[in-house]
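Breakdown of the fold
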Amino acid sequence: MSVRILQFGLSGQLGQELIRQADGEVEIAVLSRADADLANAAACAARVRESDADLVVIAAAYTAVDLAETERDLAFAVNAETPAAIAAACAETGKALVNFSTDYVFDGTKASAYLPGDPTAPLNVYGASKQAGEAAVLAACDRALILRTSWVVSAHGKNFVKTMLRLARGGQSPKVVDDQVGRPTSAADLAGFVLAQAQTLASAQGGAPVFGLHHFANAGETSWRGLAQAVFDEALGDETREVAPIATADWPTPAARPARGVLDTTSLEATFGVSPRPWRAALSDIIGDLAELEQA
Ligand SMILES: NC(=O)c1ccc[n+]([C@@H]2O[C@H](COP(=O)([O-])OP(=O)(O)OC[C@H]3O[C@@H](n4cnc5c(N)ncnc54)[C@H](OP(=O)(O)O)[C@@H]3O)[C@@H](O)[C@H]2O)c1
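Conventions adopted
- Residues numbered from 1 in each chain as written.
- Predicted model: local features only at pLDDT ≥ 70, side-chain atom pairs only at ≥ 80, totals over all residues.
- Heavy atoms only, no water.
- Near = heavy atom within 4 Å.
- Polar contact = N/O pair within 3.5 Å; in protein donor to acceptor, adjacent residues only side chain to side chain.
- Areas by Shrake-Rupley, 256 points an atom, 1.4 Å probe, with all protein chains shown as cover.
- Helix = DSSP H or I, 4+ residues; strand = E, 2+ residues; numbered from the N terminus.
- Salt bridge = Lys/Arg side-chain N within 4 Å of Asp/Glu carboxyl O.
- Buried < 20%, exposed > 50% of the residue type's maximum accessible area, 1.4 Å probe, protein only.
- Pairing = 2+ DSSP bridges.
- Axes fitted to C-alpha atoms, helices over the stretch in contact; angles between N-to-C directions.
- Contact = heavy atoms within 4.5 Å.

Concerning the site of the ligand
- Close to the ligand lie 22 residues; S11, R33, L38, T63 and Y126 are nearest.
- Within the side chain of Y126, one N or O atom sits 2.7 Å away from an oxygen atom of the ligand.
- Within the side chain of K130, an N or O atom sits 2.9 Å from an oxygen atom of the ligand.
- Taken by itself the ligand offers 920 Å² of open surface, and the protein chains cover 81% of this.
- Contributions of two or more residues to the shell around the ligand are made by α1 (13-21), β4 (96-102) and α4 (125-140).
- Element by element, the count of residues in the shell around the ligand is highest for β4, at three residues.

Some remarks on the pattern of salt bridges
- All chains considered together, the criterion is met by 14 salt bridges.
- R260 is the partner of E221 in a salt bridge, and the nearest nitrogen-oxygen pair spans 3.1 Å. In this pair, E221 is assigned in the loop between β10 (212-215) and β11 (222-223) and R260 in strand β13 (residues 260-261), connecting sequence segments 39 residues apart.
- By relative accessible area, which is 41% here, E221 ends up partly exposed.
- Residue D285 is joined to R277 by a salt bridge in which the shortest nitrogen-to-oxygen separation is 2.8 Å.
- Its relative accessible area of 38% is what places D285 among the partly exposed residues.

Considerations on the sheet that holds β4
- A sheet is described by the order of its strands in space; here six strands give the open sequence β2-β1-β3-β4-β5-β10, paired in parallel fashion. With one partner strand each, in any of the chains shown, β2 (26-31) and β10 form the two edges of the open sheet. Across the sheet, the mean angle separating the axes of adjacent strands is 25 degrees when strand polarity is ignored.
- As defined by bridge partners, β4 adjoins strand β5 (residues 144-149) across six bridges and the pair is classed as parallel. Bridged to N99 within β5 is I146.
- Packed on one face of the sheet, helix α2 (residues 41-49) meets β1 (3-8), β2 and β3 (55-58) and runs near 170 degrees to β1.

Here is the structure:
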């Protein structure tokens, strides 16, 4: 029997990929922002209570990292209060839950990759709101999986890869920050993982190892400049141009960002038997998807 999924979030990178990849194994009911505003916790919890889904997936979030510095209340409402209310409604009505968090819960000072249990210390409001969401969701529901991810990119929505591709094709040679390091992650790979685990999550008991905190990020690490250069190389081939490095200090932003937000995925690999592929391979697919979308 297919797993019934209630998905919050229609238009984002992850939301789009979940919809695109849904097959006969899952039946997804999607709630757009108009159907369920995550600023309204009670309304979102009511949508969970009235649903007959086995699994709830929160693919919507307040993701405007810089704007969050001046919209703290909204960021906390969307990323912490509402996920907590959804988690409580899941616990009440026997549904499993998947929500997503970020490497920005860490301060980026650890020399090696971050494990799920490492102490969190967000540098910005967005990271703090996601940290609060993690804790509140896990406290409210023992059948919740929180997947921390990083540097999400895809053929959909607004993201770094699409911006760099536009600059590459437009003949521009940007300067890009080279002293922030992380693991780029394909929204398609993340969505594929969630859908592949839907049956397992829908049937697992509370407290099973598949629940709790795990990290999902494509393998390998790079800087934003490294990612930009890879986009240029992939898109322009022999005609590629140099993407020049700059320091974070030369590109001031309202929100501070961790210097090394590298997520360790060994708990995911041990628990689910899945190893995310290298980010370069995922990037090639995204650029291929974009070419197809442009031709369609
Ligand atoms: N993007 C990244 O680099 C990154 C990195 C680490 C973790 N994450 C996490 O990964 C998850 C998926 O991110 P993503 O990249 O798919 O995000 P995204 O592309 O920025 O999409 C965010 C989605 O949330 C929706 N949304 C925002 N505020 C809402 C509200 N008040 N009510 C209902 N919907 C609302 C947006 O709807 P509208 O289109 O109507 O605004 C959009 O569908 C999030 O939990 C995010 O925090 C992302």
